[in-house]
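Survey of secondary and tertiary structure
These are the residues of each chain, in order.
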Amino acid sequence: MKSTNYFCVMVLTVLGWGISLQVQAETRVLKFHSGLAQTRPEAQYIEEFATLVNEKSNGSLQIDVYHAGSLGLKEADMLRIMKGGMVDLALMYGEYYKRDAPALASVYAQGAITKAEQHLALLPTLRSIYKEAYAKWGIHTVGGVVAPVFDVGLHCKAPVNSLAELKDKKVRVWSGHLVDTFKKLGISAQVIGQNDMYLALQTGVVDCAYYLSTVAKTVSLQEVTKYESYLHPWAASPWMFGVSDKTWKSLTAEQQKALTDAGEEIWKKTKLLAVDPQREAAAREERKSLGITVLEPFSEKDVQTFVDAAMSAWKDMAEASGPEGMKYYETVSTLAKEQQK
């Protein structure tokens, strides 16, 4: 009797192992590249997307997210990498691909909005442009993250809250478009990466940082700057979830639907959270508690002067990128100007 029970237990155990191995064999693991640090607010939504895909695919898809470029892939190469199917998914951000697709840098630019709410009206157009552009590189888009519309300010060592006071300052910016914008205003600016910004301020390479005020704490700007003044809302290009066509075509219809539905769910959720005046107000109060003196915002006249320069630099950039860039610029800037009225 004991031997019979032992035999039954062994059979059930082996069957259990077999079922477990079968489930494992049926689970497809996809690699997701993200250049964002895991501490960035957007990163949590990539992880949430991965969880949703696993749930919606009934466990047949598992997405492993590699934050902060930990796969060793360079953002400038991402279009080629995705086209070649060297990675399954990636967080796509058009402004990174100026070398291979210069027109993508002309889709959206600072100065396009002066009120955060205007961004929401532009999103459908931006999403359509990116979907079409990435498709040319063999990349299928499945929703993405609508970046929060954060306040952008000047973070300086000395009190500065006017364009006139910036004339004798050296300013850190994050794009060539912004270098050209400030140049049109007679202000010296240079592109310095986020990871090098702290040291550049600490050592006097720059006097001020043009940066997203709401997340300034995450890069410890309060340790190297003591004054801040609000300039305008961030015209944030959305982060699209891109799937290599080679991977996409290898998936079942049910798995494709899981990716699509999960991406759409994250898009809708982040869109609802993108504009949040209470979040921005709370962030200002937190910066004050960290010892930052929050000055009066730049004047309406200065904001309009900045916007005019940014629009002009945006047009120059689009013209330099060719007919496709001009098409993107004209489409989005025309809509943006209508929203500013």
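Residues numbered from 1 in each chain as written. Predicted model: local features only at pLDDT ≥ 70, side-chain atom pairs only at ≥ 80, totals over all residues. Heavy atoms only, no water.

**Some remarks on the overall build of the protein**
- Within the protein, the regular secondary structure consists of twelve helices and eleven strands.
- Judged by the C-alpha coordinates and their principal axes, the protein covers about 95 × 50 × 35 Å.
- Looking at the protein as a whole, 49% of its 341 residues qualify as buried.
- Across the protein, the fraction of contacts at a sequence separation of at least 24, relative to all contacts at a separation of at least 6, is 77%.
- Of the accessible surface of the protein, which amounts to about 16,000 Å², a share of 55% is contributed by carbon and sulfur atoms.
- In the protein, 38 side chains carry a positive charge and 39 a negative one; their mean positions are 3 Å apart. (Helix = DSSP H or I, 4+ residues; strand = E, 2+ residues; numbered from the N terminus. Buried < 20%, exposed > 50% of the residue type's maximum accessible area, 1.4 Å probe, protein only. Contact = heavy atoms within 4.5 Å. Areas by Shrake-Rupley, 256 points an atom, 1.4 Å probe, with all protein chains shown as cover. Lys, Arg positive; Asp, Glu negative; His and termini not counted. Charge placed at Lys NZ, Arg CZ, Asp CG, Glu CD.)

**Thoughts on helix α11 (residues 300–321)**
- In this model, α11 (22 residues) spans 31 Å end to end at C-alpha, consistent with the 32 Å of a helix rising 1.5 Å per residue.
- Three or more residues of α11 are buried, namely Asp302, Val303, Phe306, Val307, Ala309, Ala310, Met311, Ala313, Trp314, Met317, Ala318 and Ser321.
- Buried residues in α11 make contact with α5 (163–166), α6 (176–184), β8 (208–212), β9 (227–233) and α12 (323–340).
- Positive phi appears at Gly322, one or two residues downstream of α11, with a value of about 105°. (Expected span 1.5 Å × (residues − 1).)

**Comments concerning α12**
- Over its 18 residues, α12 runs 25 Å from end to end, which matches the ideal 26 Å to within 8%, given 1.5 Å per residue.
- Inspection of α12 places Gly325, Met326, Tyr328, Tyr329, Val332, Ser333, Leu335 and Ala336 among the buried residues, and these make up the whole buried set.
- On its buried face, α12 sits against α4 (117–135) and α11.

**Some words on the pattern of salt bridges**
- Under the definition given, this model contains 15 salt bridges.
- Here Asp100 makes a salt bridge to Arg99, at a shortest N to O gap of 3.0 Å.
- Given the relative accessible area of 18%, Asp100 is considered buried.
- Judged by relative accessible area, which is 46%, Arg99 ranks as partly exposed. (Salt bridge = Lys/Arg side-chain N within 4 Å of Asp/Glu carboxyl O.)

**Details of the confidence of the model for the protein**
- Across the protein, the average pLDDT comes to 91, with 93% of residues at 70 or higher.
- Throughout residues 6–15 the model reports pLDDT below 50, and contacts reaching past four residues in sequence, or to other chains, amount to zero contacts.
- This stretch, residues 17–25, has a pLDDT under 50; its non-local contacts, to residues over four places away or in other chains, come to zero contacts. (pLDDT = per-residue confidence, 0-100.)

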